[in-house]
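Okay, here's what each chain looks like letter by letter:
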Amino acid sequence: MSLDNEASVSDLLSRQEELTIQLQSLQEHLSRLVPQLEEAQAQAQKPPEKPQGTSPETLLASATQAALARYEWKAKLEGLEVAIAWTQEQIHEKADQLDTLEATLAEAERRQEQTTQAREGVAQLNGAIAEIKRQLIELKGQGCLHLYTVNLPEFSLDEQGQIQVRPHSFRIQ
């Protein structure tokens, strides 16, 4: 497996952990906002309190105070609705990013496994060629003199994990 692929998988796993933490944080934040929204809805729907006072000035102050309290709850309600909508949008975006990242991670892990298998295959091929060379030398030692040079390939993996074949002339001595 190439070092780039190992680093890529490691980076993807780190990013996955980071996104998961961000998503959990947003979900916890949303769960804290919902009860606040319900309270604001209940308070905003209450009928206004009847103004109390003994003079026009005290009635005006009481009515103003009641209206301000009611509008304050309506403003809180609007603010919470905006905050919840934003949080839900962020949750959706982070979930989409996490899904995309998990697909990318699965592909990187698949490539990593393929590279590992390719390395093992190349090692087996080169081992088989080494065995052929050994047997050819043994044949020469047993008196087989008509073999002089044999073209045997050498196998390797490039940086992209592709198998490379290089011709190699093996001279029996």
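Residues numbered from 1 in each chain as written. Predicted model: local features only at pLDDT ≥ 70, side-chain atom pairs only at ≥ 80, totals over all residues. Heavy atoms only, no water.

Participant: Any chance you could break down the packing of aromatic side chains for me, citing the residues and the numbers?
Facilitator: Pairs of aromatic rings are described using the distance from one ring centre to the other and the angle between the two planes. This model, assessed by the stated rule, comprises zero aromatic pairs. One Lys or Arg, Arg70, reaches over the ring of Tyr71 and ends 5.2 Å from the middle of that ring. Note that Lys76 overlies the ring of Trp73, its terminal NZ or CZ placed 4.5 Å from the centroid. (Phe/Tyr/Trp six-rings, centres within 6.5 Å; stacked < 30°, edge-to-face > 60°. Lys NZ or Arg CZ within 6 Å of the ring centre and 35° of its normal.)

Participant: Could you give an account of helix α2 (residues 56–141), naming the residues involved and the relevant values?
Facilitator: For α2, spanning 86 residues, the distance from its first C-alpha to its last is 125 Å, which sits close to the expected 128 Å at 1.5 Å a residue. Two residues or fewer past α2, Gly143 is found with a positive phi of approximately 105°. (Helix = DSSP H or I, 4+ residues; strand = E, 2+ residues; numbered from the N terminus. Expected span 1.5 Å × (residues − 1).)

Participant: Which residues make up the nonpolar core, and what are the values?
Facilitator: In this structure, Leu12, Leu37, Leu77, Leu80, Ile84 and Ile91 are the most contacted members of the largest nonpolar core, which totals 18 residues. Elements with a minimum of two residues in this core: α1 (3–45) and α2. A per-element tally of this core places α1 first, with 10 residues. Residues in contact with Ile84, not counting those within four places in the same chain, are Leu30, Leu33, Val34 and Leu37. Grouped together as the second largest cluster of nonpolar side chains are eight residues, Ala118, Ile129, Leu136 and Leu152 included. (Core = buried A, V, L, I, M, F, W, Y, C linked by side-chain atoms within 4.5 Å. Buried < 20%, exposed > 50% of the residue type's maximum accessible area, 1.4 Å probe, protein only. Contact = heavy atoms within 4.5 Å.)

Participant: Describe the pairing of strand β2 (residues 163–171), with residues and values.
Facilitator: Two strands pair when backbone bridges link them, and strand β1 (residues 149–157) and β2 are joined in this way by nine bridges, in the antiparallel orientation. Counterpart to Val150 in the pairing with β2 is Phe170. Between β1 and β2, which pair antiparallel in sequence order, lie five residues; one of them, Gly161, sits at a positive phi of approximately 85°. (Pairing = 2+ DSSP bridges.)

Participant: Explain the environment of Ser156 residue by residue, including any values.
Facilitator: Position of Ser156 among the secondary structure elements: in strand β1. C-alpha separation for the pair Ser156 and Leu60, spaced 96 residues apart in sequence, amounts to 90 Å. Not counting the four nearest positions on each side in its chain, Ser156 is found in contact with Val122, Gln162, Ile163 and Gln164.

Participant: With reference to specific residues and values, describe the pattern of salt bridges.
Facilitator: In this structure the tally under the stated criterion is six salt bridges. A salt bridge links Glu18 to Arg15, with the shortest nitrogen-to-oxygen separation between them at 2.6 Å. One end of the pair, Glu18, and the other, Arg15, are both in helix α1, three residues apart, so they sit about a helical turn from each other. You can call Glu18 partly exposed: its relative accessible area is 40%. Using a relative accessible area of 31% as the deciding quantity, one classes Arg15 as partly exposed. With its nearest N and O atoms 2.3 Å apart, the salt bridge here joins Arg110 to Glu107. One end of the pair is Arg110 and the other is Glu107, both in helix α2 and three residues apart, which spans about a single turn. The structure contains a network of salt bridges with shared partners spanning Glu131, Arg134 and Glu138. (Salt bridge = Lys/Arg side-chain N within 4 Å of Asp/Glu carboxyl O.)

Participant: Summarise a negative patch on the surface; cite the residues concerned and give the values.
Facilitator: Among the surface-exposed residues, Glu89, Glu93, Asp96, Asp99 and Glu102 lie close enough to one another that they form a single negatively charged patch. Tracing the chain through its elements places Glu93 in helix α2. On the basis of relative accessible area, Glu93 is assigned to the partly exposed category, the value being 33%. (Patch = residues over 30% accessible without salt bridge, like charges linked within 9 Å, V, L, I, M, F, W, Y side chains within 5 Å. Areas by Shrake-Rupley, 256 points an atom, 1.4 Å probe, with all protein chains shown as cover. Lys, Arg positive; Asp, Glu negative; His and termini not counted. Charge placed at Lys NZ, Arg CZ, Asp CG, Glu CD.)

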